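Here is what each chain is made of, one letter per residue.
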Amino acid sequence: MTTVERTRRRLSTGHEIELPLELSFAMGGVTVPARRGRLEAALPDELSALAIAPGIGCATLAGIQYHRVGGGQQDETGLEPYDEFAVIIPAIRGRGSRTTLPLAGLAGSELGGYVHWLPVTTEPSVALGREIWGYPKERADITVSDGPDGIRTVVDGGRYGDESVRLEVARPRLGPRARDWTMASYTRKDRNLLRTPAWIRGDVAIGLGPSIGTCLEVTSELARELGLWRRPLARLYGSDVRARLFEGERPDG
């Protein structure tokens, strides 16, 4: 990696963090089909849900167990590790964003993930996400466990009420593959669209379709809101992943 300029930011909780923020974590997630019209209603005007079939888009749901956040557990500038659950809508921005043809919007457009819901287990992590990037974080009871059979996530509480989500992603039979990629997330901060780049590196397994031991249960309110199906299009699994999360920027400068 090339050398990057680092800056320090102080949160309302008194924690100091350094950007780009260094993270290490385990994650297990699925991407499921969803009604594109419902997804469009949840997105800012500048974005459009990625079409994968006529009238169909998709959403990614993932549980994340952080091992290290910034300076680590004991460092005076770091935050304690926490658990997180993410609901992300793959979306495109640019001249092709309004097409309804499957995947055609990628031409001349930028693909990213709009963060729709992001409950976490600690108040400092709420402040971190909201104050730096505008992520829609809130406190909830979340358990993300990385066991011999896979990664299991349970979400209880938050905006969708008790027993909101149960997600199990089975450990893949074939070992994860070393990957190195960049991605961008979108949020709203101070009424402006914010784009946040992230560099991700680690051993990650990506599988297509459902698998034995992988299941998703979500509260009916969330399923109706986004028009979610329960049958995965793809699965994502990684026990030792690292990321570098950069400061957000307005896409149009």
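Only a predicted model underlies this, so the values are computations on that prediction, with no experimental measurement involved.

Procedures and definitions
Residues numbered from 1 in each chain as written. Predicted model: local features only at pLDDT ≥ 70, side-chain atom pairs only at ≥ 80, totals over all residues. Heavy atoms only, no water. Helix = DSSP H or I, 4+ residues; strand = E, 2+ residues; numbered from the N terminus. Contact = heavy atoms within 4.5 Å. Salt bridge = Lys/Arg side-chain N within 4 Å of Asp/Glu carboxyl O. Buried < 20%, exposed > 50% of the residue type's maximum accessible area, 1.4 Å probe, protein only. Core = buried A, V, L, I, M, F, W, Y, C linked by side-chain atoms within 4.5 Å. Pairing = 2+ DSSP bridges. Axes fitted to C-alpha atoms, helices over the stretch in contact; angles between N-to-C directions. Phe/Tyr/Trp six-rings, centres within 6.5 Å; stacked < 30°, edge-to-face > 60°.

**Q** So what's going on with the environment of Leu228? Which residues, and what values?
**A** In this structure, Leu228 sits in the loop between α3 (220-226) and β15 (234-245). C-alpha of Leu228 to C-alpha of Pro33: the two residues are 195 residues apart in sequence and 6.2 Å apart in space. When neighbours within four sequence positions are excluded, Leu228 is seen to be in contact with Val32, Pro33, Ala34, Ala59, Leu61, Val218, Leu222 and Ala223.

**Q** Just give me the short version of the pattern of salt bridges, but keep the residues and values in it.
**A** In this structure the tally under the stated criterion is 18 salt bridges. Close ionic contact of Glu16 with Arg10 constitutes a salt bridge, the shortest N to O distance being 2.7 Å. The salt bridge partner of Arg166 is Glu217, with a shortest N-O separation of 2.6 Å. Here the residue Arg166 occupies a position in strand β11 (residues 165-170), and Glu217 occupies one in strand β14 (residues 215-218), the gap between them amounting to 51 residues. Where salt bridges share partners, they join Arg6, Glu18, Glu22 and Arg244 into one cluster.

**Q** So what's going on with helix α2 (residues 123-133)? Residues and values would help.
**A** For α2, every residue scored as buried is listed here: Ser125, Val126, Ala127, Leu128, Gly129, Ile132 and Trp133. Where α2 terminates, the next one or two residues include Gly134, which has phi positive at roughly 75°.

**Q** Mind laying out the nonpolar core, listing which residues take part and the relevant values?
**A** In terms of nonpolar packing, the biggest core is built from 36 residues, with Phe85, Val165, Leu222 and Leu228 touching the most fellow members. When near neighbours in sequence (up to four residues on either side) are disregarded, Val165 contacts Phe85, Trp117, Thr153, Val154, Val155, Leu216, Glu217, Val218 and Leu222. The next biggest cluster of nonpolar side chains, apart from the first, holds 27 residues, and it includes Leu19, Val115, Ile132 and Ala198.

**Q** Could you give an account of the pairing of strand β12 (residues 177-189), with specific residues and numbers?
**A** Alignment of β12 against strand β13 (residues 192-208), held across 13 bridges, turns out to be antiparallel. Bridge pairing in β13 links Ala184 to Pro197.

**Q** Tell me about unusual backbone geometry, residues and numbers included.
**A** Of note, the amide linkage connecting Leu19 to Pro20 takes the cis form, showing an omega dihedral of 0°. With respect to the helices and strands, the residue Pro20 is situated in the loop between β2 (16-19) and β3 (21-35). The residue Glu163 is not glycine, and still its phi comes out positive at about 50°. Locating Glu163 in the fold gives a position in the loop between β10 (150-156) and β11. Phi is positive for Asp190, which is not a glycine, with a value near 55°. Turning to its location among the elements, Asp190 is positioned in the loop between β12 and β13.

**Q** So what's going on with the sheet that holds strand β9 (residues 141-147)? Which residues, and what values?
**A** Ordered by their spatial adjacency, four strands build an open sheet running β9-β10-β11-β14, and the pairing between neighbours is antiparallel. For this open sheet the edge positions go to β9 and β14, each flanked by a neighbour on one side alone. The sheet shows a mean angle of 5° between the axes of neighbouring strands, taken without regard to direction. Here β10 runs beside β11; their pairing, made up of six bridges, is antiparallel. Note that in β11 the partner of Thr153 across the bridge is Leu167.

**Q** Mind laying out the pairing of strand β5 (residues 56-69), listing which residues take part and the relevant values?
**A** Where burial is concerned, most of β5 is hidden: 10 out of the 14 residues are buried. In this sheet, β5 lies alongside β3 in antiparallel orientation, the contact comprising 13 bridges. Residue pairing across strands places Arg35 opposite Ile56, the latter belonging to β5. Sheet analysis places β5 next to strand β6 (residues 83-94), joined by six bridges and oriented antiparallel. Each residue of the ladder has a partner; that of Thr60, found in β6, is Ile88.

**Q** So, the packing of aromatic side chains: which residues are in play, and what are the values?
**A** As enumerated under the stated definition, the model contains five aromatic pairs in all. Measuring from ring centre to ring centre gives 4.7 Å for Tyr66 and Tyr82, while their planes differ by 40°; the resulting arrangement is tilted. Pair noted here: Tyr66 is in strand β5 and Tyr82 is in the loop between β5 and β6, with a separation of 16 residues, a long-range link. There is no split in this pair, since Tyr66 and Tyr82 are both buried. With a centroid separation of 6.1 Å and 75° between ring planes, the pair formed by Phe85 and Trp117 is classed as edge-to-face. Of the two residues, Phe85 is situated in strand β6 and Trp117 in strand β7 (residues 109-120); the sequence distance between them amounts to 32 residues. An identical accessibility class is assigned to Phe85 and Trp117; each is buried. Taken together, the ring pairs connect Phe25, Tyr66 and Tyr82 into an aromatic cluster.

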